[in-house]
Amino acid sequence: MALKTILIHPDPRLKATADPVSDFDKELAKLADDMLETMYAAPGIGLAAPQVGVGKRLLVMDCVKEENASPEPMVLINPEVTWSSEELNTYEEGCLSIPDQYADVERPAEVEVSWTDLTGTLQKERFDGLWATCVQHEIDHLNGKLFIDYLKPLKRQMITRKMVKLKREKARA
Ligand code: NI
């Protein structure tokens, strides 16, 4: 396994629509493994392939919060939201591509998602709580959408300016 570099906003690769996965090969399994390792190391609860510069519809997540609970790594390929609840839920979201910035985002409280797993088998599950927010946030990444796109323009611009500054500092370091 190998750690991947996580792209920081703003980056055109984070704004692009990712392509569907058609080859369920060893390379894809390796990418999923590397992404899980990168996510846990960050640490984070979700990571989408575009965030590591790969324009494929693949995401990994693990929203287990309890410290002593066993991890529940999930790999979702070509995920689609097939149903959303009318009830909404607000979570303070963050993103590994927008470090140290958090804001409330309102999304459907429950969603049903279908996807293909690494063996090429179709899966379907209903998510609620943090898992529902996380899977929607990660699917957004596959469509070139970031959580700050839900915020008012002024707040979004403020965060983007901070990220530009952060990237400039990192480049200099
Ligand atoms: Ni994110």
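Description of the structure in this document.

Rules used in this analysis
Residues numbered from 1 in each chain as written. Predicted model: local features only at pLDDT ≥ 70, side-chain atom pairs only at ≥ 80, totals over all residues. Heavy atoms only, no water. Helix = DSSP H or I, 4+ residues; strand = E, 2+ residues; numbered from the N terminus. Rg over C-alpha atoms; globule rule 2.2 N^0.38 Å. Buried < 20%, exposed > 50% of the residue type's maximum accessible area, 1.4 Å probe, protein only. Contact = heavy atoms within 4.5 Å. Phe/Tyr/Trp six-rings, centres within 6.5 Å; stacked < 30°, edge-to-face > 60°. Lys NZ or Arg CZ within 6 Å of the ring centre and 35° of its normal. Pairing = 2+ DSSP bridges. Salt bridge = Lys/Arg side-chain N within 4 Å of Asp/Glu carboxyl O.

We now examine the overall build of the protein chain. Of regular secondary structure, the protein chain possesses three helices and seven strands. Reading the helices (α) and strands (β) of the protein chain from amino to carboxyl end gives α-β-β-β-β-β-β-β-α-α. Since a compact globule built from 173 residues should have a radius of gyration of about 16 Å, the 16 Å found for the protein chain is in line with a globular shape. By its C-alpha atoms, the protein chain is 45 × 40 × 35 Å across when sized along the principal axes. A buried classification covers 44% of the 173 residues belonging to the protein chain. Restricting the contact set of the protein chain to residue pairs at least 6 apart, pairs at least 24 apart contribute 65%.

Apart from glycine, the bulk of residues carry a negative phi angle, and the bulk of peptide bonds sit in the trans form. The step from His9 to Pro10 runs through a cis peptide bond, and the omega angle for that step is 0 degrees. With respect to the element layout, Pro10 can be found in the segment before helix 1 (26-41). Cis geometry marks the peptide bond from Ala42 to Pro43, where omega comes out at -5 degrees. Structurally, Pro43 is set in the loop between helix 1 and strand 1 (46-48).

To continue, consider the packing of aromatic side chains. The relative placement of two aromatic rings is captured by the distance of their centres and the angle of their planes. Tallying each qualifying case throughout the model produces two aromatic pairs. Pairing Trp115 with Phe127 gives two aromatic rings, centres 6.1 Å apart and planes at 35 degrees, and the pair type is tilted. Highlighted residues: Trp115 in strand 6 (residues 111-116) and Phe127 in strand 7 (residues 122-127), separated in sequence by twelve residues. In terms of burial, Trp115 and Phe127 fall into one category: buried. On the basis of an interplanar angle of 20 degrees and a centroid distance of 6.4 Å, the ring pair of Phe127 and Trp131 is categorised as stacked. What links up through ring pairs into an aromatic cluster is the set Trp115, Phe127 and Trp131. In this structure, Arg126 packs its charged tip against the face of Trp83, placed 4.0 Å from the ring centre. Over the aromatic face of Tyr150 sits the side chain of Lys145, whose NZ or CZ is 4.4 Å from the ring centroid.

Next up on the list: the environment of Gly55. Mapping Gly55 onto the fold places it in the loop between strand 1 and strand 2 (58-61). Residue Gly55 is classed as partly exposed on the basis of its relative accessible area, which comes to 42%. Between the alpha carbons of Gly55 and Pro73 there is a distance of 21 Å; along the sequence they are 18 residues apart. When residues no more than four places from it in sequence are discounted, the contact partners of Gly55 are Ala18 and Asp19.

This brings us to the pairing of strand 3 (residues 74-84). Note: strand 2 against strand 3, four bridges, orientation antiparallel. From the neighbouring strand, Leu58 faces strand 3, where its bridge partner is Ile77. With five bridges connecting them, strand 3 and strand 6 associate as antiparallel partners. Its bridge partner lying in strand 6, Trp83 is registered against Glu112.

This part is about the pattern of salt bridges. Under the criterion given, the structure shown has eight salt bridges. For Arg107, the salt bridge identified is with Asp140, shortest N-O distance 3.0 Å. Placement of the pair is Arg107 in strand 5 (residues 98-108) and Asp140 in helix 2 (residues 129-142), with a sequence separation of 33 residues. Using a relative accessible area of 12% as the deciding quantity, one classes Asp140 as buried. What you see here is one network of salt bridges that share partners, running through Glu93, Arg107 and Asp140.

Everything listed is a geometric property; what it means functionally is a separate question.
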